[in-house]
Amino acid sequence: MDVISAIVQLGTQSKACPARDTMYPKLEIPHGALELWRQQAHLKLMETSQTPKIGVVGGGLSGRLAALALSKTERLGSAKITLFAPAPPSEDSRSTALLDPSLKFLDDLGVLSALDGKGADLKTMRLIDGSERILRAPSIDFVAAEAGLDAFGTNFLNGDLNAAIMAELLKHPNTELREAHVETVRLADGKAYLTSDEQELDFDLVIGADGANSIVRQACEIGQKQWEYPQVALVTNFTHTRP
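Residues numbered from 1 in each chain as written. Predicted model: local features only at pLDDT ≥ 70, side-chain atom pairs only at ≥ 80, totals over all residues. Heavy atoms only, no water.

(A) Expanded view of the overall build of the chain. Of regular secondary structure, the chain possesses five helices and 14 strands. Counting across all 243 residues of the chain, residues that qualify as buried make up 36%. Considering only contacts in the chain between residues 6 or more positions apart, those separated by 24 or more positions represent 72%. Carbon and sulfur atoms make up 52% of the accessible area of the chain, which totals about 14,500 Å². (Helix = DSSP H or I, 4+ residues; strand = E, 2+ residues; numbered from the N terminus. Buried < 20%, exposed > 50% of the residue type's maximum accessible area, 1.4 Å probe, protein only. Contact = heavy atoms within 4.5 Å. Areas by Shrake-Rupley, 256 points an atom, 1.4 Å probe, with all protein chains shown as cover.)

What follows is the structure, given as structure tokens:
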């Protein structure tokens, strides 16, 4: 059986960027793409008579969501899923904006209800010309109500998202969490061998969600385009009493 390696890079993160960890991306989850991954995983894994083993490499939102989605895929049967996800920073103040398809995806996975009251609806998006040009473009507001929407989406703290995803993921007995990095990836004899904490484990399917410098991608010799944006962003979280 051939090893499949799926580089899970969602939304704006699909453009590999060295400064990715310092950015605050809009995360748009491709629901149809995930269903395709599920179908491909089912077809390949059912070729083995043994209990298939799936390794998910990456402790960000992409990796945790991929592991949860696979654990809820009935067609994979008793497949054992191992998530390699180092513990996130104790004070991760970053946030992620989720649009409607992403919210529906989280709802399908049983995660959205745990986030009730923890997000901020995106009802107005304002574009401001922050350049120092003499003639600057006027500010413009995009209002969700004008498009017949309650909101364009919802913004959540990454810490709240991670906690809700992991609470649901750990309910599944076929899923193992290893809070450790993967040091090496080796492909041989139709399997993938991952080394973590000086222990080598073999898998039938590997999903790489380990960022722009993915060692899974490198092991599979998957190319990428890489560039930088000469921009700096200041992001602040605050609470307020006004609606």
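(B) The packing of helix H2 (residues 61–71) against helix H4 (residues 158–169), seen in detail. Closest axis-to-axis distance for the H2/H4 pair is 10 Å, and the angle between their directions is 25°. Relative to H4, the element H2 lies roughly parallel. Crossing handedness for the pair H2 and H4: left-handed. In this structure, H2 contributes Leu61, Arg64, Leu65, Ala67, Leu68 and Ser71 to the contact, and H4 contributes Asn158, Leu161, Asn162, Ile165, Met166, Glu168 and Leu169. For the contact of H2 with H4, the per-class residue count stands at eight nonpolar, three polar and two charged. (Axes fitted to C-alpha atoms, helices over the stretch in contact; angles between N-to-C directions. Parallel < 35°, antiparallel > 145°, perpendicular 65-115°, else oblique. Left-handed = near helix turned anticlockwise from the far one by under 90°. Nonpolar A, V, L, I, M, F, W, Y, C, P; charged D, E, K, R; others polar.)

(C) Layout of the confidence of the model for the chain. The predicted model of the chain averages 80 in pLDDT, with 79% of residues at 70 or higher. Counting interchain partners and residues more than four positions distant, the pLDDT-below-50 stretch residues 1–30 has 87 contacts. (pLDDT = per-residue confidence, 0-100.)

(D) Main features of the packing of aromatic side chains. The full count for this structure, using the stated rule, is two aromatic pairs. Ring geometry for Phe84 against Phe203: centres 5.9 Å apart, planes inclined by 80°, an arrangement best described as edge-to-face. Taken together, the residues span a long stretch of sequence, with Phe84 in strand E4 (residues 80–84) and Phe203 in strand E13 (residues 199–203) at a distance of 119 residues. In this structure Phe84 comes out as buried when scored by relative accessible area, which is 1%. (Phe/Tyr/Trp six-rings, centres within 6.5 Å; stacked < 30°, edge-to-face > 60°.)

(E) Local environment of H4. In a regular helix each residue adds 1.5 Å, so twelve residues correspond to 16 Å; H4 covers 16 Å between its end C-alpha atoms and thus fits that length. Lining the buried residues of H4 we find H2, E4, strand E5 (95–99), helix H3 (100–108), strand E9 (153–157) and strand E10 (175–178). (Expected span 1.5 Å × (residues − 1).)

(F) Structural detail: H2. Among the eleven residues in H2, eleven count as buried, and that is most of the element. Inspection of H2 places Leu61, Ser62, Gly63, Arg64, Leu65, Ala66, Ala67, Leu68, Ala69, Leu70 and Ser71 among the buried residues, and these make up the whole buried set.

(G) View of a nonpolar patch on the surface. Among the surface-exposed residues, Met125, Leu127, Ile140 and Phe142 lie close enough to one another that they form a single nonpolar patch of about 360 Å² accessible area. The set of elements that each furnish at least two residues to the nonpolar patch consists of strand E7 (124–127) and strand E8 (140–143). (Patch = residues over 30% accessible without salt bridge, like charges linked within 9 Å, V, L, I, M, F, W, Y side chains within 5 Å. Salt bridge = Lys/Arg side-chain N within 4 Å of Asp/Glu carboxyl O.)

(H) Representation of the environment of Leu205 in the model. Relative to the helices and strands, Leu205 is located in strand E14 (residues 205–208). Relative accessible area serves as the criterion here: at 4%, Leu205 is assigned to the buried category. C-alpha of Leu205 to C-alpha of Gly55: the two residues are 150 residues apart in sequence and 6.3 Å apart in space.

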